[in-house]
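One letter stands for each residue in the lines below.
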Amino acid sequence: MSISVDQPIANGTHIRSLVRALVPLLAGAGAYLIILSMGEILLRDSDTLWQIRIGQWIVENGAMPHTDVHSFTRFGEPWMSSSWLSQVLYAISWESLGWAGPVILTSLAIGASVAIFMSLLDDYVDPARSILLVTLAALMSATHFLARPHMLAFPFMVAFLGGLMAAADRRSAPSWLLLPVLAIWANLHGGFVLGLALIGPIGLEALWTSEAKDRVALAARWTLFGIAAVAACCCTSYGWDTLLGAAKILSLGKLLSMIWEWMPANFATWSFFEYALLGLIGLAFLRGLTLSVPRIILLLGLTDMALAHARNIEIFAFILPLVLAKPFAEQLGTLLTGTAPVREGQPRFHVVMLAALAITVAGWATTRAFVANHPFSFLEVQTPVAAVDVLQKRHAQRIFSTAPFGGYLLSRDIKAFIDGRAELYGEKFVLDYFDAVMAKDVETLLRLLDTYRIDATLLTPDLPATKVLDHIPGWKRLYTDSVAVIHVREPKTAESTVPELRK
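Rules used in this analysis
Residues numbered from 1 in each chain as written. Predicted model: local features only at pLDDT ≥ 70, side-chain atom pairs only at ≥ 80, totals over all residues. Heavy atoms only, no water. Helix = DSSP H or I, 4+ residues; strand = E, 2+ residues; numbered from the N terminus. Buried < 20%, exposed > 50% of the residue type's maximum accessible area, 1.4 Å probe, protein only. Contact = heavy atoms within 4.5 Å. Areas by Shrake-Rupley, 256 points an atom, 1.4 Å probe, with all protein chains shown as cover. Expected span 1.5 Å × (residues − 1). Bend = angle between axes of the 7 residues up to and from the residue. Patch = residues over 30% accessible without salt bridge, like charges linked within 9 Å, V, L, I, M, F, W, Y side chains within 5 Å. Salt bridge = Lys/Arg side-chain N within 4 Å of Asp/Glu carboxyl O. Pairing = 2+ DSSP bridges. pLDDT = per-residue confidence, 0-100. Core = buried A, V, L, I, M, F, W, Y, C linked by side-chain atoms within 4.5 Å. Phe/Tyr/Trp six-rings, centres within 6.5 Å; stacked < 30°, edge-to-face > 60°. Lys NZ or Arg CZ within 6 Å of the ring centre and 35° of its normal. Axes fitted to C-alpha atoms, helices over the stretch in contact; angles between N-to-C directions.

A few words now on the overall build of the protein chain. The secondary structure content of the protein chain amounts to 21 helices and four strands. For the protein chain, the residues scored as buried account for 49% of the 503 residues in total. Long-range contacts, defined as pairs at least 24 residues apart, comprise 73% of the intrachain contacts of the protein chain with a sequence gap of at least 6. For the protein chain, the exposed surface amounts to about 23600 Å²; the carbon and sulfur share of it is 65%.

With that out of the way, let us pick up helix H13 (residues 313-331). The end-to-end C-alpha distance of H13, which contains 19 residues, comes to 26 Å, matching closely the 27 Å that a straight helix rising 1.5 Å per residue would cover. Along H13, the helix axis deviates most sharply at Leu 324, where the bend reaches about 40°; the proline Pro 327 sits within four residues downstream. Counted residue by residue, H13 has 17 buried out of 19 residues, so it is predominantly covered.

Taken together, the side chains of Leu 132, Leu 136, Leu 139, Trp 270, Phe 272, Tyr 275, Leu 278, Ile 281 and Phe 285 define a hydrophobic patch exposed on the protein surface, amounting to about 950 Å² of accessible area. Of all the secondary structure elements, the ones that give two or more residues to the nonpolar patch are helix H5 (127-141) and helix H11 (272-287). Ranked by the residues each element gives to the nonpolar patch, the list is headed by H11, at five residues. Here Tyr 275 lies in helix H11.

Let us now look at the pairing of strand E4 (residues 485-489). Within E4, five of the five residues are buried, which leaves the element mostly enclosed by the surrounding structure. Of the two faces of E4, the one lined by Val 485, His 487 and Arg 489 and the one lined by Ile 486 and Val 488 are each fully buried. Inspection of the sheet shows strand E2 (residues 456-459) paired to E4 by four bridges, in the antiparallel sense. Residue pairing for E4: Leu 459 is matched across the bridge by Val 485. Two elements, strand E3 (residues 475-480) and E4, share five bridges in a ladder whose sense is antiparallel. Residue pairing across strands places Tyr 479 opposite Ile 486, the latter belonging to E4.

Our focus in this paragraph is the pairing of E2. The side chains of a regular strand alternate between both faces of the sheet. Side-chain alternation along E2 places Ala 456 and Leu 458 on one buried face and Thr 457 and Leu 459 on a second face that is also buried. Summarising the sheet, strand E1 (residues 399-401) and E2 pair through three bridges and their orientation is parallel. Opposite Ile 399, over in E2, you have Ala 456 as the bridge partner.

Unlike most non-glycine residues, His 395 shows phi in positive territory, near 60°. With phi around 55°, Ala 439 is a residue other than glycine that occupies positive phi space. One can find Ala 439 in the loop between helix H19 (427-437) and helix H20 (442-451).

Bringing the confidence of the model for the protein chain into the picture now. Looking at the protein chain, the pLDDT average stands at 87 and 87% of residues meet or exceed 70. Within the model, pLDDT remains below 50 along residues 5-10, and this stretch shows zero contacts once partners closer than five positions in the same chain are excluded. Confidence drops under pLDDT 50 across residues 493-503; counting only partners more than four residues distant or on other chains, this segment forms 22 contacts.

Note on soluble globular proteins: their nonpolar side chains tend to be buried together. Counting 101 residues, the largest nonpolar core has Met 157, Phe 160, Leu 164, Trp 222, Phe 316 and Leu 458 as the members making the most contacts within it. Top contributing element to this core by residue count: H13, with 13 residues. What Phe 316 contacts, discounting residues up to four positions off in sequence, is Met 140, Phe 273, Leu 277, Leu 280, Leu 302, Thr 303, Ala 306 and Pro 321. Within the second largest apolar cluster, 36 residues are counted, among which are Trp 50, Ala 416, Phe 429 and Trp 475.

So, about the pattern of salt bridges. Tallied over the entire structure, the rule returns 15 salt bridges. With a closest N to O distance of 2.6 Å, Asp 389 and Arg 412 form a salt bridge. Remark: Arg 412 occurs in the loop between helix H17 (403-411) and helix H18 (422-425) and Asp 389 occurs in helix H16 (residues 385-393); sequence separation between them is 23 residues. Within the structure, one salt-bridge network assembled from shared partners comprises Arg 53, Glu 60 and Asp 413.

The next subject is the packing of aromatic side chains. Centre distance and the angle of the planes are the two values used to describe a pair of aromatic rings. Per the counting criterion, the structure on display carries 19 aromatic pairs. On the numbers, 5.8 Å between centres and 45° between planes, the contact of Phe 267 with Phe 273 is tilted. The class of Phe 273 is buried, set by a relative accessible area of 3%. Between the NZ or CZ atom of Arg 74 and the centre of the ring of Phe 429, over which it lies, the distance is 4.5 Å. Sitting over the ring of Trp 79, Arg 421 keeps its end group 4.8 Å from the ring centre.

What follows is about the sheet that holds E3. Within a sheet, adjacent strands bond to each other through the backbone by hydrogen bonds, running parallel or antiparallel. Strand order in the open sheet formed by four strands is E1-E2-E4-E3, with mixed pairing between adjacent strands. In the strand order of this sheet, the two ends are held by E1 and E3, each with one partner. For this sheet the average axis-to-axis angle between neighbouring strands, irrespective of direction, equals 25°.

Structure (structure tokens):
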């Protein structure tokens with residue numbers, strides 16, 4: 001019996017290929033477990049509360065919302081949910097597992113995003129540098145890692161935009177399999193409009209780098225895909241109205257600059273985004289990176305989005321590396337990979353699937369053990385439990401509260417004055433609300449209290465409006481704790497018009 005000297009080499013190649021194939025799965029599983037272990041960081045935004053309540057309403061009624069039923073200031077006005085599927089998934093997970101459900105669901109989405117991101121980079125970036133890139137991307141995005149619909153949509157965003165970019169890198173048209181990905185994204189979150197917006201610029205890159213003789217046919221295929229993508233986005237319960245509903249948030253004008261995630265990036269304090277951006281600029285100068293015009297447009301567009309609105313930093317962090325991966329690999333070879341992509345000795349499909357199954361089982365067992373010994377809880381300052389108990393005992397019906405408390409009121413089946421659905425309330429109403437709670441215009445506060453026949457207020461102790469109410473005739477402080485303060489209207493002024501401030 002003879003043994004070939006090539007056999008050890010072949011075995012070593014197969015092992016290296018298997019390890020490389022499994023790195024994205026292992027990284028995704030690792031990201032999932034890390035986020036799961038810090039689950040409370042996902043439960044710090046009050047929007048999670050009303051998102052779950054909307055999902056519960058959809059399940060209970062077996063229908064999509066077309067009008068508002070959760071506030072008393074906008075009750076009956078047109079409103080549709082652009083994130084209905086995420087809301088249903090969060091509601092079901094919460095009903096099944098308590099707060100562990102949304103935490104697990106969001107952690108899975110983050111882990112899947114990491115795995116997809118690294119798989120898309122695999123042709124151009126070696127595993128070690130790919131792990132470095134995904135770590136930097138996660139650190140830049142961490143402030144927006146929340147149990148909210150945008151996170152459930154995130155892996156679909158990465159897969160869709162990464163698929164478009166991969167097609168451009170191949171100088172071909174996108175796969176039609178990306179259309180179901182886009183359709184699911186459209187049902188999970190209104191951010192799918194970004195996918196539609198980037199089909200043109202990414203398609204231009206494919207045309208720019210293709211042979212002249214192929215451009216007409218390739219342009220036709222990208223155009224056809226773009227038309228099909230618009231149709232795919234309308235595969236929701238709202239049909240064509242989905243496009244209008246998703247874009248409505250962008251019409252809020254000045255209000256967007258007052259919502260933290262829509263504010264511009266802040267370089268007054270240290271951030272990973274700032275230094276990652278500076279590092280990218282420095283690296284490009286150092287190595288003389290040259291990009292095509294369409295890629296420059298994409299780079300500048302993604303950078304402008306991230307600078308204009310903090311919520312877009314995670315898009316910059318996860319999509320920009322996919323835009324730059326091929327040029328870096330081609331021009332700076334040794335910097336990123338050292339060699340051209342190697343595909344020899346691909347591991348057998350069933351071996352990869354068995355390894356993936358083992359990772360899944362291990363992750364499931366770890367999750368069960370951790371959740372059994374670690375009860376998750378929502379951020380206390382967003383949940384004024386004791387104060388709302390007092391209001392319910394008084395049978396308060398029309399409560400003027402902060403928008404974050406509005407989410408908690410909805411979770412308690414109490415109609416809110418305002419919550420996180422800015423597109424429902426509109427620019428003027430929300431700006432008036434901000435002026436009122438910050439006491440920038442006391443007359444506005446008094447007008448809102450009178451116009452909406454408010455019988456109780458629920459505000460945080462540090463808000464200026466809380467202190468102003470202590471001095472308004474006809475209002476008295478009823479309850480105070482570290483989370484919330486309640487003022488109630490005294491009966492003698494229940495029918496009065498706007499009162500004057502005490503001297």
